[in-house]
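Summary of the model geometry
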Amino acid sequence: MANLIEIRDMYKIYAIGDEPVHALDGVSLSVDEGEFVAIMGASGSGKSTMLNILGCLDVPTSGSYLLDGVEVASRSATELAHIRNAKLGFVFQNFNLLPRTSALENVELPDLYMGRLSMRARRRRALELLKRVGLGGRHSHTPAQLSGGQQQRVAIARALMNNPPVLFADEPTGNLDTKSSIEIMNLFTELSDEGITIVMVTHEDDIAAYAKRHIVMRDGKVMRDDHGEGGRKSVDEVARLVKEALA
Amino acid sequence: MSFWMIFKVAIRAIARNKTRSLLTCLGIIVGIAAVIAVMAIGQGAQTMMVKEISSMGNNLMMVFPENRGQGPVSGGMGQGQTMTAGDAEAVKRELSHLVQGVSPQVRTSVQMMYAAKNWAGNVQGVSTDILLISNWTVMEGRFFSEEEETRSSRVCVIGTTVRKNLFEDEDPVGKTIRLKNVTFKVIGVLASKGANNWGQDQDDVIMAPYTSVQRYLQRSKFNNINMMNLSLISMDDLAEAKREVGALLRQRHHLADYQDDDFETRDTTEIMNTIGSVTGLMTVLLTAVAAISLLVGGIGIMNIMLVSVTERIKEIGLRMAIGATPANILTQFLLESVVLSTVGGAVGVIVGVVGAEAIGAAKGWPILIQTGSTLAAFLFSALVGMFFGFYPAYRASKLNPIDCLRYE
């Protein structure tokens, strides 16, 4: 499998007050195509900073980042926007759908910025994606008319619109009940099985258990990386892994 | 993202906040309406005045003999005695490349009598060229001929006011009236010109050949005239005409180099310039006031756009996360403010035109709506939107997507 994501000696330093805070403290990491990675850790461990930089939403203080073989660590805002548009899909904890806008139009949005498809083809693809995430009949509903789980499905369909090689998910079940969480995670598992690379941030062991590779962070450093050895783990195994890593 | 798509996004954002959008537009509507109305009224007034002044004469230039005073007593304008009909004839003969008509003018006050009625006024002694010079037309009968002028015939034409006072409904043509107890035959009636700028009735007039006035009514031993009226071929030659007429008159009056002119020239451009500068100043002042209200409207747009950017900061973050470039975000917000201001501008143009017409109708003022200035005001409203919308849009485009997504 080809190397999709590769970061080397990455630092992200915030100057808060007199003391500089190392949100990322010399992290090196690589992710292969098709992996399903869970980045775990307590709040303040640097896992969200890591995801934001991997997702080209933020730039590192220093270090290199090769995405799909291209250096992206020091790109302009416009270039990063094009990279996010073409190569990355995002699923957020609070869904981030456009309010008062139909599910269909929310899903179409990434292609509007890309301008790849005709109006008709765009609509057809958005409808297919909605059907795939199980919202076939609800394309005209606005976010306010959908449950949390349904909104997150729309967000996943939107993330898939431009057919990106990588999906980034930031606590995708953080605002969902248990039943919806399981449905969403099953959807991620299906997508992973179809070959899409997924990088997910979570602090919940049972959600991390859906991933095949587990990375535990603390104080801006990677404490433990099982490199996907042994495939999917049970919740207990994940809990033990985290406990060992932080001991 | 295509321009059209971004335009649709902007329209939708405006449509979602109808009340707010309307209030934002209101500033621009008031500003543009004020500009349009003020300009329409100002231009209308100016055009009317210019038209009235040009009705005084056709490329008119006037030459008055200047009173140089005899001892301590000074006369008044046109009371000098140095200018003669010969001067007028000389101007016509020698400056025909500049002048298309010349009429000497002598004036004398008379009591006019016909049957049992009488009327007081000034008789103007002129030459046949006066028709061309002063834009008079004969409504009934005819004007006097050059032959009658040479022979000092006792004929006259009268204005409609004189006709009404002496003849009422009677046909005046061919009737004989008495001026200073000398009989004159009425041969024509002048078409009405109405009152001039200063409210003076231009139709209260009676004209006769200047030769006849000098001979029968003034009975002066001098041949002097009160003024001469010139009609230039083109107003462009005004300066040259003044110079050449001056040189000719100085020569004819045997003035030595050290002596001042004994005449003075006047023309309507001086009056027009004065009126133009007065109405022009008014228009500038009022337009400045209107422009200030437009400025206030623009600041209103900026204010609302800043609020709108802050309010939709999560939307901005999301759009950036899924691929909107800074330029896309800039265009989206800039279009929103430009749409607000141009819609305001369009409504303002309508309100301004309707308002100006209403004011004109109520006050009886002439209204002149110029397509050019209306279009300019409309385009200016778009410019206001662009100018005042740029800063909020620029701020939105420079936001960091992470800060936007995290904003609470």
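**A word on the nonpolar core**
In this structure, I5(A), M50(A), L54(A), Y65(A) and F168(A) are the most contacted members of the largest nonpolar core, which totals 70 residues. Considering every element that reaches this core, the biggest residue donor is helix 2 (residues 18-54) of chain B, with 7 residues. Setting aside its immediate chain neighbours within four residues, Y65(A) contacts I5(A), E6(A), I7(A), M10(A), I53(A), L54(A), C56(A), V70(A), E71(A), V72(A), A73(A) and F168(A).

**Digging into the side chain of T265(B)**
Of note, T265(B) is situated in strand 10 (residues 263-267). The class of T265(B) is buried, set by a relative accessible area of 18%.

**Some remarks on the layout of surface pockets**
Residue and element names in this part refer to chain B. In this structure, the second largest pocket encloses a volume near 570 Å³. When residues in the lining of the second largest pocket are grouped by element, the largest group, 6 residues, is from helix 1 (residues 3-16). For the lining of the second largest pocket, the per-class residue count stands at 9 nonpolar, 2 polar and 13 charged.

**With respect to the packing of helix 11 (residues 326-363) of chain B against helix 12 (residues 371-397) of chain B**
Residues and elements named next belong to chain B. At a minimum axis separation of 7 Å, helix 11 and helix 12 run at an interaxial angle of 150°. Our classification of the angle between helix 11 and helix 12 gives roughly antiparallel. For the crossing formed where helix 11 meets helix 12, the hand is right-handed. Touching P326, I329, L330, F333, L334, S337, V338, S341, T342, G345, A346 and V349 of helix 11 are T374, F378, S381, A382, G385, M386, G389, F390, A393, Y394, A396 and S397, all from helix 12. For the contact of helix 11 with helix 12, the class distribution of residues is 15 nonpolar, 9 polar and no charged.

**Some words on the pairing of strand 1 (residues 3-15) of chain A**
All names here are of chain A. Relative to strand 2 (residues 20-32), strand 1 runs antiparallel, the two sharing 10 bridges. The partner of M10 across the bridge, within strand 2, is V27. Counting the residues in the hairpin turn of strand 1 and strand 2 gives 4 residues, including G17, whose phi is positive at 65°. Both strand 1 and strand 4 (residues 62-67) contribute to a ladder of 5 bridges, which runs antiparallel. Paired with Y11 across the strands is S62, a residue of strand 4.

**Overview of the domain arrangement of chain B**
Structurally, chain B comprises domain 1 (3-52 + 273-406) and domain 2 (83-92 + 99-229). Distance from the C-alpha centre of domain 1 of chain B to the C-alpha centre of domain 2 of chain B: 59 Å.

**A few points about the pattern of salt bridges**
On inspection of all chains with the given rule, the structure shows 30 salt bridges over all chains. D25(A) serves as the salt-bridge partner of K221(A), at 2.8 Å between the closest nitrogen and oxygen. Of this pair, K221(A) sits in strand 10 (residues 221-225) while D25(A) sits in strand 2, and the two are 196 residues apart along the sequence. A salt bridge links E194(A) to R132(A), with the shortest nitrogen-to-oxygen separation between them at 1.9 Å. Of this pair, E194(A) sits in the loop between helix 6 (178-193) and strand 8 (197-201) while R132(A) is found in helix 4 (residues 119-132), placing the two residues 62 residues apart along the sequence. Residue classification places R132(A) among the partly exposed residues on the basis of a relative accessible area of 35%. Among the ionic contacts, a cluster of salt bridges with common partners joins R312(B), E315(B), R319(B) and E336(B).

**A few points about the side chain of S21(B)**
Positionally, S21(B) belongs in helix 2. Relative accessible area serves as the criterion here: at 10%, S21(B) is assigned to the buried category.

**Quick look at the interface of chain B and chain A**
Taken together, the contacts link 23 residues of chain B with 24 residues of chain A. Together chain B and chain A conceal approximately 2200 Å² of surface at their shared face, both sides included; 59% is due to carbon and sulfur atoms. On the surface where chain B and chain A come into contact, there are 1 salt bridge. R12(B) is the salt-bridge partner of E105(A), the closest N and O atoms lying 2.5 Å from each other. Inspection of the region where chain B meets chain A yields 6 residue pairs in polar contact (both at pLDDT 80 or more). Only helix 1, helix 10 (313-321), helix 11 and helix 13 (401-406) of chain B provide two or more residues apiece to the side of chain B that touches chain A. Among the elements that line the side of chain B that touches chain A, the one with the most residues is helix 10 of chain B, at 6 residues. Here the residues of the side of chain B that touches chain A sort into 11 nonpolar, 6 polar and 6 charged.

Parameters and conventions
- Residues numbered from 1 in each chain as written.
- Chains lettered and ligands numbered in written order.
- Predicted model: local features only at pLDDT ≥ 70, side-chain atom pairs only at ≥ 80, totals over all residues.
- Heavy atoms only, no water.
- Core = buried A, V, L, I, M, F, W, Y, C linked by side-chain atoms within 4.5 Å.
- Buried < 20%, exposed > 50% of the residue type's maximum accessible area, 1.4 Å probe, protein only.
- Helix = DSSP H or I, 4+ residues; strand = E, 2+ residues; numbered from the N terminus.
- Contact = heavy atoms within 4.5 Å.
- 1 Å grid on protein atoms, 1.4 Å probe; cavity = no way out; pocket = protein on both sides within 12 Å on 5 of 7 lines; lining within 4 Å.
- Points joined across faces, edges and corners; volume = space filled by probe spheres on them.
- Nonpolar A, V, L, I, M, F, W, Y, C, P; charged D, E, K, R; others polar.
- Axes fitted to C-alpha atoms, helices over the stretch in contact; angles between N-to-C directions.
- Parallel < 35°, antiparallel > 145°, perpendicular 65-115°, else oblique.
- Left-handed = near helix turned anticlockwise from the far one by under 90°.
- Pairing = 2+ DSSP bridges.
- Domains from an automatic or database assignment.
- Salt bridge = Lys/Arg side-chain N within 4 Å of Asp/Glu carboxyl O.
- Buried area = accessible area lost by both parts, 1.4 Å probe.
- Polar contact = N/O pair within 3.5 Å; in protein donor to acceptor, adjacent residues only side chain to side chain.

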